[in-house]
Amino acid sequence: ESWIDRVRSVSGEVITVAPACHIRGAEAALEIDRVRIGDERDIVLRPQLKWVWEAVPDGGYAGFSTAVEWSDDERRITTYSVNAPLSWDLDQFLVHANIGYDRVRGDGGSWRGGGAVEWPLLSRVDVIAEVFREFNVTAGRGGMRLHLAEAWSVDASYLAETTSGGLRAYTLGLNWLVDVR
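Criteria and thresholds
- Residues numbered from 1 in each chain as written.
- Predicted model: local features only at pLDDT ≥ 70, side-chain atom pairs only at ≥ 80, totals over all residues.
- Heavy atoms only, no water.
- Helix = DSSP H or I, 4+ residues; strand = E, 2+ residues; numbered from the N terminus.
- Rg over C-alpha atoms; globule rule 2.2 N^0.38 Å.
- Buried < 20%, exposed > 50% of the residue type's maximum accessible area, 1.4 Å probe, protein only.
- Contact = heavy atoms within 4.5 Å.
- Salt bridge = Lys/Arg side-chain N within 4 Å of Asp/Glu carboxyl O.
- pLDDT = per-residue confidence, 0-100.
- Pairing = 2+ DSSP bridges.
- Phe/Tyr/Trp six-rings, centres within 6.5 Å; stacked < 30°, edge-to-face > 60°.

## Let's talk about the overall build of the chain
Counting secondary structure elements, the chain contains zero helices and 12 strands. Mapped from its N terminus to its C terminus, the chain presents α and β elements in the order β-β-β-β-β-β-β-β-β-β-β-β. Against the globule reference of 16 Å for 181 residues, the chain gives a C-alpha radius of gyration of 17 Å, in line with a compact fold. Seen through its principal axes, the chain has C-alpha atoms that stretch 50 × 30 × 30 Å. In the chain, which comprises 181 residues, the share counted as buried stands at 29%. If you take every contact in the chain between residues at least 6 apart in sequence, the share linking residues at least 24 apart comes to 26%.

## With respect to the environment of His22
Tracing the backbone shows His22 in strand S2 (residues 12–23). Separated by 145 residues in the primary sequence, His22 and Leu167 place their C-alpha atoms 30 Å from one another.

## Quick word on the pattern of salt bridges
Counted under the stated rule, the structure contains nine salt bridges. One salt bridge connects Glu69 with Arg46, and the closest N-O pair in it is separated by 2.2 Å. Residue Glu69 is located in strand S5 (residues 60–71), and its partner Arg46 is located in strand S4 (residues 40–56); the two are separated by 23 residues in the primary sequence. Taking the shortest distance from any N to any O, the salt bridge between Glu118 and Arg145 comes out at 2.7 Å.

## A look at the confidence of the model for the chain
Taken residue by residue, the chain gives an average pLDDT of 84. The fraction at 70 or more is 93%. At the low end of the mean pLDDT range in the chain sits strand S1 (residues 2–8), at 73; at the high end sits strand S9 (residues 125–134), at 94.

## A closer look at the pairing of strand S8 (residues 108–122)
The pairing of strand S7 (residues 94–104) with S8 spans 11 bridges and is classified as antiparallel. Residue Leu94 lies in a different strand from S8, and its bridge partner there is Glu118. Count of turn residues in the S7/S8 antiparallel hairpin: three residues, of which Gly106 carries a positive phi of about 80°. Both S8 and S9 contribute to a ladder of nine bridges, which runs antiparallel.

## Comments concerning the packing of aromatic side chains
Tallying each qualifying case throughout the model produces four aromatic pairs. Ring centres of Tyr101 and Trp111 lie 5.3 Å apart, and the angle between their planes is 70°; this geometry places the pair in the edge-to-face category. One end of the pair, Tyr101, is in strand S7; the other, Trp111, is in strand S8, and 10 residues separate them in sequence. Assessed through its relative accessible area of 26%, Tyr101 is described here as partly exposed. Where Tyr158 meets Tyr170, the ring centres are 4.9 Å apart and the plane angle is 50°; that geometry is what we call tilted. A residue pair is termed long-range when its members are at least 10 positions apart, and Tyr158 in strand S11 (residues 152–161) and Tyr170 in strand S12 (residues 168–176) qualify at 12 residues. Judged by its relative accessible area of 33%, Tyr158 falls in the partly exposed class.

Below, the structure written as structure tokens:
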């Protein structure tokens, strides 16, 4: 899976490209951000690892993810995050919840968490909605997933920050499921 994000606010812009690969129960991703705040610019690399396993019979899944953030401008790791997601398949809905912790160098840490629901509206279209908090920012996202084929889907969504109301983003994601057993 991969996604592209563009987040704009009054003070700047972040463009994200994030390819990811899921192999044998683990997902590896490398998020690359081009950050512009005023006249300052930075490239941020965020490698991520995620593991998921069946936690509860009949559709319950748990996971663990971790990520660090490398700032090209500062030439060091500036942030790390850990997260524990849970998912349940409730026949007509997929329900997701997560809790975690973010630590920013020189700025302390904060709890993260959120919830989401996926609802199959039509045979090839899912409606997706989520509310989450990370890095002391609370936001909501709504969108759709279009299933192009059995192994291909495209996500399109809109994000709005609810903390101060200044952050808005459109996201486009491409998912390609490859079975490598």
